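Structural overview for review
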Amino acid sequence: MAPYSLLVTRLQKALGVRQYHVASVLCQRAKVAMSHFEPNEYIHYDLLEKNINIVRKRLNRPLTLSEKIVYGHLDDPASQEIERGKSYLRLRPDRVAMQDATAQMAMLQFISSGLSKVAVPSTIHCDHLIEAQVGGEKDLRRAKDINQEVYNFLATAGAKYGVGFWKPGSGIIHQIILENYAYPGVLLIGTDSHTPNGGGLGGICIGVGGADAVDVMAGIPWELKCPKVIGVKLTGSLSGWSSPKDVILKVAGILTVKGGTGAIVEYHGPGVDSISCTGMATICNMGAEIGATTSVFPYNHRMKKYLSKTGREDIANLADEFKDHLVPDPGCHYDQLIEINLSELKPHINGPFTPDLAHPVAEVGKVAEKEGWPLDIRVDALACQSLASAAAGYSVAVKSMEPGARWPGLESWLCHLTATNS
């Protein structure tokens, strides 16, 4: 008599019942699109997991989140030399994003390659050529008129070579990426220095030049000097007038404008959960001011909620399955470790002259008097916005303040950033 399993198989065939291999079912579950705009481009957490396991076995030590994402995108994880701050890595980024000023030369270079389509999902965002002069509607009309030839070129070239096109008026590149393209574990390169904004959603997002973008779009491995990793451990929770921008202003005061050079700043610790997803994006966005390669936060419930609220619950569910690869390993080593108690963090103002001159708001007047700085100061919304590095998800509120006892005669406007919590 045939074995029971064989009888079941024959019966299934006779009844037309479809059979699945377990691995096939898992692969089908893992097929989640990178974005709603690219339904046939999938997130490859399985490949990320495979590469991480290869590297972990080679290095034989716990890995930081930054290492997991970066090494998880190695072109050759089995033989690639890996030494922080020394070796050069050959990486395979997941996608490319370009703003309209830098996309022009990048697209011309790609066209000269002779390829018929970009090798990875790529997008163009028309925001940088819009000058703020009068008001939103008038400035947008003026930009469309002046840059019509540029916009037509980018739109038609994008359509021909498979590059997504976000027309002028559709929004700021960093916010569009955060809402539509960034996801936990992604390796994204963008032709803008504040591309690291996407780190607020758990991705390694790095600002590059147009030539680097062309390499990736052409399917050529992208080279990056193996970054060091600076850990910022956050404890406590934000309260009172303190906001996410105060975290990076504090970090800037510690590391200075050069302290992050050649390194990824990796935030971790229990305090992370008190910061909204857009707040984490703001912190990562402003990391460019300390010279960091990029900044990143570990995947948590805040990111899950943000993904769900932006119509990407399927990505959140998939990230939950692979969460171990989207957070740092216990006991991992950082090249430098900074600890900040958010419960004790006061509102900060950085400057003047340099973004790493950090002062708690309550001490600004006393420092100004001591240093002989002008006491009659005028600050407008644009100045505040530059401090915030045009942080996505945040608005600048300029509030009138009465002169304080520590700063006699002050008639100024102080900036305070208010977060749009996810």
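Structure: see above.
Residues numbered from 1 in each chain as written. Predicted model: local features only at pLDDT ≥ 70, side-chain atom pairs only at ≥ 80, totals over all residues. Heavy atoms only, no water.

Points about the packing of aromatic side chains
- Tallied over the entire structure, the rule returns eight aromatic pairs.
- The interplanar angle of 45° and the centroid separation of 6.1 Å between the aromatic rings of Phe37 and Tyr181 together place this pair among those described as tilted. Placement of Phe37 in the loop between β1 (33-35) and β2 (38-42) and of Tyr181 in the loop between α8 (173-180) and β7 (187-190) is noted, with a sequence separation of 144 residues between them.
- Ring geometry for Tyr267 and Phe297: centres 4.6 Å apart, planes at 5°, overall stacked. Taken together, the positions of Tyr267 in strand β11 (residues 263-268) and Phe297 in the loop between β12 (294-296) and α12 (301-309) put the pair 30 residues apart, joining distant regions of the chain. Each member of the pair, Tyr267 together with Phe297, is buried.
- Clustering of aromatic rings is evident, with ring pairs tying together Phe37, Trp166 and Tyr181. (Phe/Tyr/Trp six-rings, centres within 6.5 Å; stacked < 30°, edge-to-face > 60°. Helix = DSSP H or I, 4+ residues; strand = E, 2+ residues; numbered from the N terminus. Buried < 20%, exposed > 50% of the residue type's maximum accessible area, 1.4 Å probe, protein only.)

Remarks on the sheet that holds β7
- Strand order in the open sheet made by the five strands is β6-β5-β4-β7-β8, with parallel pairing throughout. Among the strands making up the open sheet, the edge pair consists of β6 (164-166) and β8 (204-207). Looking at each pair of strands side by side, their axes are set apart by 20° on average, direction ignored.
- Sheet contacts for helix α5 (residues 100-112): β4 (95-99) and β5 (122-125); angle to β4, the most-contacted strand, approximately 115°.
- Against the sheet, α8 touches β4, β5, β6 and β7, its axis set at about 155° to β4. (Pairing = 2+ DSSP bridges. Axes fitted to C-alpha atoms, helices over the stretch in contact; angles between N-to-C directions. Contact = heavy atoms within 4.5 Å.)

So, the sheet that holds β12
- In spatial order, the strands read β12-β11-β10-β13; together these four strands make up an open sheet with parallel pairing. Both outer strands of the open sheet, β12 and β13 (336-341), are each paired with one neighbouring strand and no more. The average angle at which neighbouring strand axes cross in this sheet is 20°, direction not considered.
- Sheet analysis places β11 next to β12, joined by three bridges and oriented parallel. Each bridged residue has a counterpart across the sheet, and for Val265 the counterpart in β12 is Ser295.
- Lying over the sheet, helix α10 (residues 244-255) contacts β10 (228-235), β11 and β13, oriented at roughly 140° with respect to β13.

Topic: the side chain of Thr278
- Of note, Thr278 is situated in helix α11 (residues 277-286).
- A distance of 3.2 Å separates the side chain of Thr278 from the side chain of Ser276, its partner in a polar contact. (Polar contact = N/O pair within 3.5 Å; in protein donor to acceptor, adjacent residues only side chain to side chain.)

Structural notes on helix α9 (residues 210-217)
- Buried within α9 we find Ala213, Val214, Val216 and Met217. Around the axis of α9, the buried residues are gathered within 165° of arc, so they sit on the same side.
- Here the buried face of α9 lies against β4, α5, β5, β7 and β9 (222-225).
- The first or second residue beyond α9 is Gly219, which carries a positive phi of 85°. (Arc of directions from axis to C-beta.)

Let's talk about the environment of Pro270
- Note on placement: Pro270 falls in the loop between β11 and α11.
- Between the C-alpha atoms of Pro270 and Ser237, which are 33 residues apart in sequence, the distance is 8.4 Å.
- Setting aside residues up to four positions removed in sequence, Pro270 forms contacts with Leu234 and Thr235.

Remarks on the nonpolar core
- Counting 58 residues, the largest nonpolar core has Tyr45, Leu234, Tyr267 and Phe297 as its most contacted members.
- If sequence neighbours within four positions are ignored, Tyr267 has contacts with Val232, Leu234, Val247, Ile248, Val251, Val272, Ile283, Ser295, Val296, Phe297 and Pro298.
- Counting residues in each nonpolar core, the second largest holds 40 residues, with Ala106, Ile124, Trp222 and Val296 among its members. (Core = buried A, V, L, I, M, F, W, Y, C linked by side-chain atoms within 4.5 Å.)

Structural notes on unusual backbone geometry
- Residues Gly351 and Pro352 are joined by a peptide bond in cis, for which omega reads 0°.
- Along the chain, Pro352 turns up in the loop between β14 (348-350) and β15 (358-360).
- Its identity is not glycine, yet Asn60 carries a phi of approximately 55°, on the positive side.
- One can find Asn60 in the loop between α3 (45-59) and α4 (65-71).
- The residue Phe353 is not glycine, and still its phi comes out positive at about 75°.

Focus: the packing of α5 against helix α7 (residues 148-161)
- In contact at an axis separation of 10 Å, α5 and α7 are set at 45° when each is read in the N-to-C sense. Regarding the angle of α5 to α7, the classification is oblique. Between α5 and α7 lies a crossing whose hand is left-handed. Taken together, the residues of α7 that come into contact with α5 (itself represented by Asp100, Ala103, Gln104, Met107, Leu108, Phe110 and Ile111) are Val150, Tyr151, Phe153, Leu154, Ala157, Gly158 and Tyr161. (Parallel < 35°, antiparallel > 145°, perpendicular 65-115°, else oblique. Left-handed = near helix turned anticlockwise from the far one by under 90°.)

Description of the environment of Tyr42
- If you trace the backbone, Tyr42 turns up in strand β2.
- Each C-alpha atom, one on Tyr42 and one on Lys31, is 6.0 Å from the other, the two residues being eleven residues apart in sequence.

Section: the side chain of Ser35
- Its location among the elements puts Ser35 in strand β1.
- The class for Ser35 is buried, based on a relative accessible area of 4%.
- At 3.2 Å, the side chain of Ser35 and the backbone nitrogen of Phe37 are in polar contact.
- If we skip the residues at most four places from it in the chain, Ser35 touches Asn180 and Tyr181.

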